[in-house]
Amino acid sequence: MRISCGARQNVRTAPTYALWYKDFGYTGGIPANATTPSFITPPLKTLRYFPLSEGPENCYGINRVPKGHYTLRIFFGLIKQPDFDNEPLFEISVEGTLIHSLKSGWTNHDDQVFAEALVFLLDGTVSICFHSTGHGDPAIISIEILQVDDKAYYSGPEWGKGVILKTTSRLTCGTSKPRFDEDYSGDHWGGDRYWEPIRTFGQNADEPRSTENSIKQASDAPNFYPEALYQSAVVSTDSQPDLAYTIDVDPNKNYSIWLHFAEIDAFVTDAGQRVFDVLLNGDTIFKEIDILKMSGDRYTALVLNTTVAVSGRTLTITLHPKEGHHAIINAIEIFQVIAAESKTSSAEVRALQALKRSLGLPNRFAWNGDPCVPKEHPWSGADCQFDKSGSKCDLANQGLKGFLPDDISKLIHLQSLNLSGNTIHGVIPSSLGTITSLELLDLSYNFLNGSIPESLGNLTALRRLNLNGNSLSGRVPGALGGRLLNGASFNFTDNAGLCGIPGLPTCGPHLSAGAKVGIAFGVSLSFSLLVICSVCYWKRRQNILRAQQIAARGAPYAKARTQFSHDIQMSRHHNHGHTRTAAENGPSLLS
């Protein structure tokens, strides 16, 4: 995969028409037009740069990377604007391991306009980070992630998944033409290496050789060197029999050296006609090298490899003739052997990223990549304490807002957490009580509310707890109160609602949250019933009063009517024996 940084669409570049994907996977930065510092830089028109205002660490994080062995290559660029530093200096890490530091003057050297390393990627992702050093803004033109053979550059027992090989120098000898593997029509499993040309090691010290004959055993697994690499060489002369190449290196490092030979000199036809020793910084590493004898034939590739420790700042490779013709060499590769850093556990990284989001950390903190590695560039506010079993997080007085996430419990190695003097609100998550390594917890002078979780009583290693200056309420957990007798320093002051330990108000009957809700519901229900009963009583009383008023108005008529009914009854009783019924008098008219 090739990425054109800053590009908004996919790009293909001549002469190979390689596909470069549009920019993605970055944590920040600004796209801009690019100036390429070298003709070997891919002919891309954009880059992405990372101003210091966005933080000292910025990264590319690429997902869905198949498990395997990869060559990673990053080309640097210059921002095409007059008011920018024309040569930024910064550092680069891969998977949390620092692999490269740009040196002043890098724009004038073709082999310094990129950084390259061989690394195993095993978790489906790759992280490539750029670390500001205060000398301009990191600016990246392109990133290449090229899979190679799993056994590529195998160099002995120390080689493996814990080792990164950083390319220091890669030379093709006896030619003036710089080449990539693709230019050489090399196999893509070689990783499209760049070969810097070196026509001579010194004035009148050697002579170039070349051939158009095919080279056998060149493009073979696991390294798949291009055949054309062995079709040119340099040969020492009578005036300078020793063939020597010197390169500047970082001191006190190990280097993996790969030397490439093929007998292409027409004057050497049999074994024994060219024999030489190989010395590194004066020490003989390979004795009596006879290319034709060791490779089996003329025009056949031979590769020698060794790893050496270099204490000084230079590495000198010397070929010293022993018999016959002068020494010859076709190509040289030098890699710095870097022990891969142990990455922080993915669960803890996710927990810190959740904390970053919930607290709204400003851009100046960055918090990109790995919090603890490279050791030279830990996250601001994070102290990983590599010599101890725990770590610290100090973000006091940083103007942070937001809340504490439950995921904070995944910081299982955290010894000290200081978030005092911010404006953090919400409750203290009970999950905080699962970080058993916690010795210091300072959440003072924030806007935290609610109660202190009982789970904090499980922090048996806790020696200092500052919760003062918040809006906490309720009873201080008994386990915390008892810890005060054992010399722990706890501060709960300036929380108007806290109670239950000496120095705080005495608590009333302690009610759980459920009980408080139940009481509130009961009071509300009682009040509602009281209102309903009052309304019903009032309506009944109104009905009674209305009935009494109606009765009072109709009293005179009721009295007269009662007297009239009484007179009728008395009359009927008096005439009872002298009257006849209606049936006796005739037909009835009643219906």
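Residue numbers restart at each chain and count upward from 1, following the sequence in its written direction. Reporting of local features is limited, given that this is a predicted model, to residues whose pLDDT is at least 70; pairs of side-chain atoms are given and counted only at 80 or more, and all residues count toward the totals for whole chains, interfaces and linings. Excluded from the side-chain calculations are hydrogens and water; all other atoms, namely the structure's heavy atoms, are used.

**Observations regarding the overall build of the protein**
- Strands here are runs of E lasting at least two residues and helices are runs of H or I lasting at least four, both read from the DSSP assignment and numbered beginning at the N terminus. Helix and strand counts for the protein stand at six helices and 36 strands.
- By the burial criterion, 47% of the 591 residues in the protein qualify as buried.
- What makes two residues a contact is simply this: any of their non-hydrogen atoms within 4.5 Å. Considering only contacts in the protein between residues 6 or more positions apart, those separated by 24 or more positions represent 71%.
- Counting every atom, the protein has about 30,200 Å² of accessible surface; 52% of that belongs to carbon and sulfur. Relative accessible area decides the class of each residue, using a 1.4 Å probe on protein chains only: under 20% of the type maximum gives buried, over 50% gives exposed, and in between gives partly exposed. Areas reported as accessible are Shrake-Rupley estimates using a 1.4 Å probe. Residue values count occlusion only from the protein chains shown.

**Considering the sheet that holds strand β18 (residues 232-236)**
- Note: two strands are recorded as paired if DSSP finds a minimum of 2 bridges between them. If you trace the three strands from one edge of the open sheet to the other, you get β17-β18-β25, paired in antiparallel fashion. Lying at the two open borders of the sheet, with one neighbouring strand each, are β17 (206-210) and β25 (328-329).

**Describing a nonpolar patch on the surface**
- Residues form patches when they are more than 30% accessible in relative terms and have no salt bridge. Like charges link within 9 Å. Nonpolar side chains (Val, Leu, Ile, Met, Phe, Trp, Tyr) link within 5 Å. Any carboxyl oxygen of Asp or Glu that lies within 4 Å of a side-chain nitrogen of Lys or Arg is treated as forming a salt bridge with it. Taken together, the side chains of M1, Y21 and F24 define a hydrophobic patch exposed on the protein surface, amounting to about 260 Å² of accessible area.
- Along the polypeptide, F24 turns up in the loop between β3 (18-20) and β4 (30-35).

**Brief notes about the packing of aromatic side chains**
- Two aromatic rings from Phe, Tyr or Trp, using only the six-membered ring of Trp, form a pair when their centres are within 6.5 Å; if the ring planes differ by under 30 degrees the pair is stacked, by over 60 it is edge-to-face, and anything between is tilted. Summed over the entire model, instances satisfying the criterion amount to 20 aromatic pairs.
- Where Y60 meets F130, the ring centres are 6.4 Å apart and the plane angle is 80°; that geometry is what we call edge-to-face. In this pair, Y60 sits in strand β6 (residues 57-63) while F130 sits in strand β12 (residues 125-135), placing the two residues 70 residues apart along the sequence. The same class applies to Y60 as to F130, namely buried.
- When the ring of F76 is compared with that of W106, the centres are 5.6 Å apart and the planes differ by 85°; the resulting orientation is edge-to-face. Note that F76 is positioned in strand β7 (residues 68-76) and W106 in the loop between β10 (97-101) and β11 (114-121), a separation of 30 residues in sequence.
- For W106, a relative accessible area of 0% corresponds to the buried category.
- Three or more aromatic residues joined by ring pairs make a cluster, and in this case those are Y26, F50, Y60, F76, F90, W106 and F130.
- Lying over the aromatic face of Y26, R48 brings its terminal NZ or CZ to 3.4 Å of the ring centre.
- Charge-over-ring contacts are defined here by two conditions on Lys NZ or Arg CZ: a distance within 6 Å of the ring centre and an angle within 35 degrees of the ring normal. Lying across the ring of F114, R73 places its NZ or CZ 6.0 Å from the centre.

**A few points about the nonpolar core**
- We call a set of buried residues a nonpolar core when its members are Ala, Val, Leu, Ile, Met, Phe, Trp, Tyr or Cys and they connect through side-chain atoms within 4.5 Å of each other. F201, I257, F261, L319, I329, I332 and I334 are the most contacted members of the largest nonpolar core, which totals 53 residues.
- A per-element tally of this core places strand β20 (residues 253-261) first, with five residues.
- Excluding anything up to four places from it in sequence, I257 contacts L280, L304, N305, T306, V308, L315, I317, E333 and I334.
- By size, the runner-up hydrophobic cluster in this structure holds 41 residues, among which are I408, L419, L448 and L456.

**Side note on the side chain of H260**
- Its location among the elements puts H260 in strand β20.
- Pairs of N or O atoms are called polar contacts if they sit within 3.5 Å, as long as, within protein, a hydrogen donor faces a hydrogen acceptor (for residues adjacent in sequence, only side-chain-to-side-chain pairs). A distance of 2.8 Å separates the side chain of H260 from the side chain of Y230, its partner in a polar contact.
- Separated by 2.9 Å, the side chains of H260 and E333 make a polar contact.
- Not counting chain neighbours up to four residues away, the residues in contact with H260 comprise W195, Y225, L229, Y230, L302, V303, I329, N330, A331, I332 and E333.

**Observations regarding the sheet that holds β12**
- Judged by pairing direction, the sheet is antiparallel, and its four strands sit side by side in the order β6-β12-β9-β10 without closing on themselves. Both edges of this open sheet fall to β6 and β10, since each of them pairs with a single strand only. On average, adjacent strands in this sheet sit at an angle of 20° to one another, irrespective of strand direction.
- The pairing of β6 with β12 spans seven bridges and is antiparallel. Every axis corresponds to a line fitted to the C-alpha atoms, with the helix fit spanning only the stretch in contact, and the corresponding angles, defined between N-to-C directions, vary from 0 to 180 degrees.

**Some remarks on the pairing of strand β5 (residues 46-49)**
- Alternating positions in β5 separate into two faces, T46 and R48 on one and L47 and Y49 on the other, with burial throughout.
- Pairing geometry for β4 and β5, over four bridges, is antiparallel. Pairing of A32 across the sheet is with L47, part of β5.
- With two bridges connecting them, β5 and strand β13 (residues 139-148) associate as antiparallel partners. Bridged to R48 within β13 is I140.

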